[in-house]
Amino acid sequence: MPGIFAFAETRDGEIRKVAHEVVTAARTLADALGTEVHAVLLGGPGTAGAAAELGRYGADKVFVGESDAFAHYSAEGFTTVITGFIQEHGCEAALFPASALGRDLAPRVAARLGVGYASDCTGVEVQDGQIVATRPEYAGKLIAQVAATGTPAVFSLRPNVFLPAENAKAGEVQTLDVSVNQADFGAIVREIKAGAAEKMDVGEAPIVISGGRGLQSPDNFKLLEELADAFGGKAAVGASRAVVDAGWRPHSEQVGQTGKTVAPTLYIAVGISGAIQHLAGMRTSRYIVAINKDPEAPIFKTADYGIVGDLFEILPRMTEEVRKMMA
Amino acid sequence: MRVKSIVCVKRVPDTEARVRIAADGKSVDAAGAKFILNPYDEFAVEAALKHREAAGAGDVTVVSVGESSSAETLRTALAMGADAAVLLKTDGKPEGLAVARILAEELKGREYDLALFGMKAIDDDLQAVGPMVAELLGIPAATAVTEFSAEGGRITAHREIEGGHEVVELRTPCVLTLTKGAYEPRYASLKGIMAAKKKPLEEKAATAGDAGVEVRAFSYPAERQAGRIVGEGADAVPALLRVLREEAKVI
Ligand SMILES: Cc1cc2nc3c(=O)[nH]c(=O)nc-3n(C[C@H](O)[C@H](O)[C@H](O)COP(=O)(O)OP(=O)(O)OC[C@H]3O[C@@H](n4cnc5c(N)ncnc54)[C@H](O)[C@@H]3O)c2cc1C
Ligand SMILES: Nc1ncnc2c1ncn2[C@@H]1O[C@H](COP(=O)(O)O)[C@@H](O)[C@H]1O
């Protein structure tokens, strides 16, 4: 039986956490179907060094395609190599991360193969021999169970939902022939401009601490940044649209329907009322904590735990306690 | 440079709308909901208008696939300032690959520099139709674009990625999918609304094929367990951290 294809995302030669997640999910499907996981890794020269670690998460084979043309992501180049691989080796399902890269790449791969696509899935499983994905729609107001009508099923997986699990397999590394010519690409990535370099992205951080209009001014966001720092590099700061529209925070931090969809292990909403469009972006978080002075604020209906009170008193105390705890 | 854009727009239920699962358990009943122009498509329309204005030459055509009610959505875009509209009329509301195929077929017969899309439609939340159309047409694309410039037949687009952004250079024609960024949508003026009524809105019949995925069932999200207020004020902080550590085991 053809295997399960797992796209293993790298950046600057390093495997990204979402790659572990995708391989982990692929392993679950492969075990249910009694087949193999074939991970594919594309990047610039030197990427192969990272390949072997994918075996730990359950890849039976890791195919590495290195090319100068792949020092940066190329939608056209990656699509060509991946569809070529899938056409040659076959696969029951092709899994991608629902990252910025995966959301760009997966629909192109599906369209070139002439098959359907389900994005941002929060579950994949085998039901009666068929691969079925779970995905929120209508901003999370509905949950859909979707199945592909053709082969392969092309799915992208919401980051942070499929926790990487070790399940060691051979992870045999093979070289993939990458004959692409950058001159053929109609789109070329010229540079990557990093945001504040050492900060985590809200879309990927295991802990997200978001602030809303209750913070009262952009300067007060330092209270959130200090708390995030206290968690020792595992936390990112997010924002409601109200404060992004006011120009207090960049759009890259906005959580919600017209911002990012996040699913951290812990989401802390501070001075955020909990409008439906905000919930759209964070309701699949594992645990939600709300800090709000209004006990009637709708956010408390979605939160697992809450503190009612003034955030200007609560945050400094919390930072202090977290620092103690982490020390 | 002249900027000739085609903007693909979708009619979607308002963000506040209640959506119910229909009797068959696998389709959606949005009856009674207010419908709007997809918010991300507003960014795309705005971007097209801005670039037409900056270039002083070109035009903006808006295209939608859907039932006859989508004409209203196209009028909204015309009222914002688009020049012409095309409704590719289908029975029902196709999604994903089925929509991409209809749009690609339409775009094949047209001349344009930019095919603009929203990053996602807020009903199916798919984030796919733009790059699918690019693939079907064999043209380059950049997704999640916050801002772009057009010079000498080349587009330089900034796309949002984790922890920063990518600067992508594309040749035209190309597909861009827009997210919130430099193009805060304008409101239609009364004059715009009046003018929209006289602008051309062409209707053509279209047939949707297989989208390649089928919904087997819809359900409502599991209600999150009623939240627990662990206390009031700063004194509740130790108790909160305790439950996060011991009960939830997340810190
Ligand atoms: C099409 C559309 C798309 C949208 N997309 C998004 C989106 O992506 N993301 C998003 O967030 N919103 C989005 N919105 C906006 C959304 O409807 C709300 O307006 C917004 O989320 C409100 O932001 P807020 O909670 O920060 O502000 P508010 O609603 O003003 O809430 C502020 C909260 O702070 C509390 N507070 C005030 N002072 C204190 C204090 N000292 N201590 C503790 N608590 C305090 C208040 O009790 C209140 O609950 C969208 C709206 C539309 C129409
Ligand atoms: N029925 C449609 N008619 C025209 N454009 C559409 C349609 N569906 C989706 N699009 C475009 O594709 C974008 C992404 O939609 P989706 O892939 O469904 O999230 C939307 O923001 C629109 O620009």
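Cut-offs applied
Residues numbered from 1 in each chain as written. Chains lettered and ligands numbered in written order. Predicted model: local features only at pLDDT ≥ 70, side-chain atom pairs only at ≥ 80, totals over all residues. Heavy atoms only, no water. Salt bridge = Lys/Arg side-chain N within 4 Å of Asp/Glu carboxyl O. Helix = DSSP H or I, 4+ residues; strand = E, 2+ residues; numbered from the N terminus. Buried < 20%, exposed > 50% of the residue type's maximum accessible area, 1.4 Å probe, protein only. Pairing = 2+ DSSP bridges. Axes fitted to C-alpha atoms, helices over the stretch in contact; angles between N-to-C directions. Contact = heavy atoms within 4.5 Å. Buried area = accessible area lost by both parts, 1.4 Å probe. Polar contact = N/O pair within 3.5 Å; in protein donor to acceptor, adjacent residues only side chain to side chain. Near = heavy atom within 4 Å. Areas by Shrake-Rupley, 256 points an atom, 1.4 Å probe, with all protein chains shown as cover. Nonpolar A, V, L, I, M, F, W, Y, C, P; charged D, E, K, R; others polar. Domains from an automatic or database assignment.

Caption draft 1: Expanded view of the pattern of salt bridges. Here the structure, examined in full by the defined rule, presents 43 salt bridges over all chains. The shortest N-O distance in the salt bridge between Arg249(A) and Glu225(A) comes to 2.9 Å. Here the residue Arg249(A) occupies a position in the loop between α5 (241-245) and β16 (266-270), and Glu225(A) occupies one in helix α4 (residues 221-230), the gap between them amounting to 24 residues. Overall, the relative accessible area of 11% leaves Arg249(A) in the buried class. Across the pair Arg317(A) and Glu321(A) runs a salt bridge whose closest N-O atoms are separated by 3.1 Å. Placement of the pair is Arg317(A) and Glu321(A) together in helix α8 (residues 311-326), with a separation of 4 residues, close to one helical turn. A relative accessible area of 15% places Glu321(A) in the buried class. Taken together, the shared-partner salt bridges connect Glu9(A), Arg11(A), Arg16(A), Glu204(A) and Glu162(B) into one network.

Caption draft 2: How the structure looks around the sheet that holds strand β7 (residues 117-121) of chain A. Residues and elements named next belong to chain A. Read from one edge to the other, the open sheet built from 7 strands follows the order β7-β11-β6-β1-β4-β5-β12, with strand pairing classed as parallel. Looking at strand neighbours, the two that pair on one side only are β7 and β12 (172-175), the edges of this open sheet. Sheet twist, expressed as the average angle between the axes of neighbouring strands with direction ignored, equals 25 degrees. Sheet topology note: the strand β1 (residues 3-8)/strand β6 (residues 91-97) ladder contains 4 bridges and is parallel.

Caption draft 3: Molecular detail of the environment of Val237(B). With respect to the helices and strands, the residue Val237(B) is situated in helix α6 (residues 237-246). Residues contacting Val237(B), with those up to four places away along its chain left out, are Ile307(A), Ile314(A), Arg317(A), Met318(A) and Glu321(A).

Caption draft 4: Representation of the interface of chain A and chain B within the structure. Opposite the 94 residues of chain A that make contact, chain B presents 82 residues. Carbon and sulfur atoms make up 54% of the area that chain A and chain B hide from each other, which totals about 7400 Å². Seen at the junction of chain A and chain B, the total is 8 salt bridges. Here Asp104(A) ties to Arg159(B) by a salt bridge, and the two come within 3.7 Å at their closest N and O atoms. The interface formed by chain A and chain B includes 48 residue pairs in polar contact (both at pLDDT 80 or more).

Caption draft 5: Local environment of the sheet that holds strand β15 (residues 235-239) of chain A. Spatially, the 6 strands line up as an open sheet ordered β15(A)-β14(A)-β16(A)-β17(A)-β18(A)-β15(B), and their pairing is parallel. In this open sheet, the two edge strands, each paired with only one partner strand, are β15 of chain A together with β15 (228-232) of chain B. Taken over all neighbouring pairs, the strand axes of this sheet differ in orientation by 20 degrees on average, direction set aside. Running over the sheet, α6(B) touches β16, β17 (287-292) and β18 (305-308) of chain A together with β15 of chain B and is turned about 175 degrees from β18(A).

Caption draft 6: Molecular detail of the site of ligand 2. Residue and element names in this part refer to chain B. Surveying the vicinity of ligand 2 reveals 19 residues, the closest of which are Cys-8, Asp-41, Val-65, Ala-121 and Ala-128. Within the backbone of Val-129, a nitrogen or oxygen atom sits 2.8 Å from an oxygen atom of ligand 2. When ligand 2 sits alone it has 480 Å² of accessible area, and the protein chains cover 99% of it. Residue assignment for the shell around ligand 2 shows that the elements contributing at least two residues are β6 (58-66), α3 (96-108) and β8 (114-118). With 3 residues, the single largest contributor to the shell around ligand 2 is β6. Along the lines of polarity and charge, the residues of the shell around ligand 2 split into 11 nonpolar, 4 polar and 4 charged.

Caption draft 7: Representation of the domain arrangement of chain A in the model. Residues and elements named next belong to chain A. Here chain A is described as being made up of domain 1 (4-184) and domain 2 (207-326). The C-alpha-based centres of domain 1 and domain 2 are spaced at 32 Å. Contact with domain 1, which involves 10 residues of that partner, is made by 9 residues of domain 2. At the boundary of domain 1 with domain 2, total buried surface from both sides reaches about 700 Å², with 54% on carbon and sulfur atoms. When the area that domain 1 buries against domain 2 is broken down by residue, the three leading residues are Ala-139, Arg-158 and Asn-160, summing to 55%. Summed over the shared surface of domain 1 and domain 2, the result is 1 residue pair in polar contact (both at pLDDT 80 or more). Across the side of domain 1 that touches domain 2, the residue classes tally to 5 nonpolar, 2 polar and 3 charged.

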